[in-house]
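# Chains, contacts and geometry: an overview
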Amino acid sequence: MKGGTVQISWHEGKPILTLDFHPPSSTLATAGADFDIKFWSMKSAAGTQRKLPQVSYLNSLSYHSSAVNVIRFSLSGELLASGADGGELLIWKIHSTDTGVTWKVLKMLRSHHKDILDLQWSTDSTHIISGSVDNCCIIWDVNKGINLQKLDAHAHYVQGVAWDPLGKYAASLSSDRTCRIYINKPLKSKGIEKINYVCRHVISKAEQPLLKNSKSTKYHLFHDETLPSFFRRLAWSPDGSFLLVPSGSYKIGTASESVNAAYIFSRKDLSRPAIQLPCASKAVVAVRFCPIFFNLRGTNSAGLFKLPYRIIFAVATLNSLYIHDTESTPPIAILAGLHYAPITDIAWSSDARYLALSSQDGFSSLVEFENEELGSPFTILEGKVLEECNSPLQTSNDTVIVPTGYVGAVVAQSRKTKAGEKSDGMVIDSTGNARTAITESRKNVTDEKGDCIVIEATGSVGAGVLDIRKTEAQEKVEKEPLSLDSVKSGAEEKAKKQPNNNPDVKQTESGKQKQSSEGIKSGAEEKAVKQMASTKNTPISKKPTRKRITPIPIPIDP
């Protein structure tokens, strides 16, 4: 495994809000606050002295007149959908030319009145579901370019949408703290079936205690609108057996701090979570599945899933990335200290060779896996994956599985100081044994590593130590005095869309939030002022602080 943050100018230093790999070619597409969609070629670092894959700029698509929040390729790779501020939704089509390929706008879909935050294609590339700041989901017929159905039951921004690969369900996640599951009940008219999605489940609060010793009370399962991200990107597994939902938040007791988590919903019972995946101190904002299935390793007979193959998926918090599979209980890898601003999106290449993630700090990170490092591919014969996926999880209709082992370690992580959160090193823990990963000796080894990426393995993923250059943000802190202009982040540039209950924020006729001249300064400016004040008497230390995130085992309660 080789990986780290690629030090190139992706979008003129502006926030990168989304990325995706073109399925056949593994060309990486990125988009963000500069209004453009850019394409990049990947050149493997395998067999070379390079520590990162080489990224080369190819070309740009310039059509949007505002920030592009989400881009997604269709499964065939022939079409690209891009959603932006102001409700712009474009469909691009690839064309072959003598000099290569080019993308041209095929259709513009207009029904959303405000910013589009997420979208997903149906598996046959004929439909799209999109979510927006206008509190609605829309299902589109791409061929006809029309709005087929509007789902408007959410009370706040729709920040994530997902389409069941088997075509039966759809899901949406909103900052109103609810996840809605829709089922398709087609309407017949003149012998023709038309799509008709009806809300089947509204998941908002826990109906029973998630821990045996906690009081029986209802409480919210998801973060509210104060979550410092515009994205809650959820996803279905490629076989449709389960749904993975981010932005989870729950408390062990009334006096304890909230624990951030991602929830897994079994297809057999989509009314409540079947599994919780506790994460560290930051909220989960995006999840993404590897498109390839892998053969079982046979290393864990008591796993949480009953599948004939391994599914690998990535879970991104605001500042770290967890890689899980369905055969092992702890994460198989953890990547930390990646970026200086929130992570916004994740993408896998179609051959599972690359994993990419984007950030509001204007940079993207790449991880490259060696041949069969993740395992040997599993071939699924047609008809093997049944629509109802018989018992994909080890759960029953009346029991919620709650993996809560070492929850205390998760809570302890959430209490880390801000200095500890600003890690200069990136730590990748690849584990086959979580207990080994948390031993004191391994902590000492990590502490001895300075400004390097540490890849630790105990069985499942190859190991190595990679040196990386410091990011531009770190260099500015060491070499230049702080100023308000130099520390403005992508979050501030996106502040026009940020949910805000401040009484000094006025709502304009266009629906955008703007701060009055007497309003409170943005979080970025306040932070800059405090930093400038602290540097008057205290010199900036050039020794980077470090934070270690260790794998957290999540066994099943008996």
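As a starting point, this report considers the structure included with it. Only a predicted model underlies this, so the values are computations on that prediction, with no experimental measurement involved. (Residues numbered from 1 in each chain as written. Predicted model: local features only at pLDDT ≥ 70, side-chain atom pairs only at ≥ 80, totals over all residues. Heavy atoms only, no water.)

### Observations concerning the pairing of strand β10 (residues 116-121)
- With 5 of 6 residues buried, β10 is to be regarded as a mostly interior element.
- In terms of strand pairing, β10 meets strand β11 (residues 127-132) through 5 bridges, oriented antiparallel. By the bridge assignment, W121 is partnered in β11 with I128.
- In textbook terms, the turn of a hairpin is the stretch between consecutive antiparallel strands, and for β10 and β11 this stretch comprises 5 residues, one of which, S125, has a positive phi near 65°. (Buried < 20%, exposed > 50% of the residue type's maximum accessible area, 1.4 Å probe, protein only. Helix = DSSP H or I, 4+ residues; strand = E, 2+ residues; numbered from the N terminus. Pairing = 2+ DSSP bridges.)

### Some details on the packing of aromatic side chains
- For the coordinates displayed, the defined rule picks out 17 aromatic pairs.
- Ring centres of Y169 and W236 lie 6.0 Å apart, and the angle between their planes is 10°; this geometry places the pair in the stacked category. Separated by 67 residues along the polypeptide, Y169 in strand β15 (residues 169-174) and W236 in strand β20 (residues 235-236) bring together distant segments of the chain. Per residue, the accessibility class of Y169 equals that of W236, and both read buried.
- Here F242 and F305 contribute two aromatic rings whose centre-to-centre distance is 5.0 Å and whose plane-to-plane angle is 45°, an arrangement assigned as tilted. Taken together, the residues F242 in strand β21 (residues 242-251) and F305 in the loop between β24 (284-289) and β25 (312-317) connect sequence positions 63 residues apart. For the pair formed by F242 and F305, the shared burial category is buried. (Phe/Tyr/Trp six-rings, centres within 6.5 Å; stacked < 30°, edge-to-face > 60°.)

### Examining the pattern of salt bridges
- Evaluation of the coordinates by the stated rule reveals 9 salt bridges.
- Notably, a salt bridge pairs R288 with D20, separated by 2.8 Å at the nearest N-O pair. Of the two residues, R288 is situated in strand β24 and D20 in strand β2 (residues 16-21); the sequence distance between them amounts to 268 residues. The pair R288 / D20 is uniform in exposure class, with both members buried.
- The residue E327 makes a salt bridge to R310 at a minimum N-O spacing of 3.6 Å. Of this pair, E327 sits in the loop between β26 (320-325) and β27 (333-336) while R310 sits in the loop between β24 and β25, placing them 17 residues apart in sequence. Note on accessibility: E327 and R310 belong to one class, buried. (Salt bridge = Lys/Arg side-chain N within 4 Å of Asp/Glu carboxyl O.)

Just distances and angles here, no functional claims.
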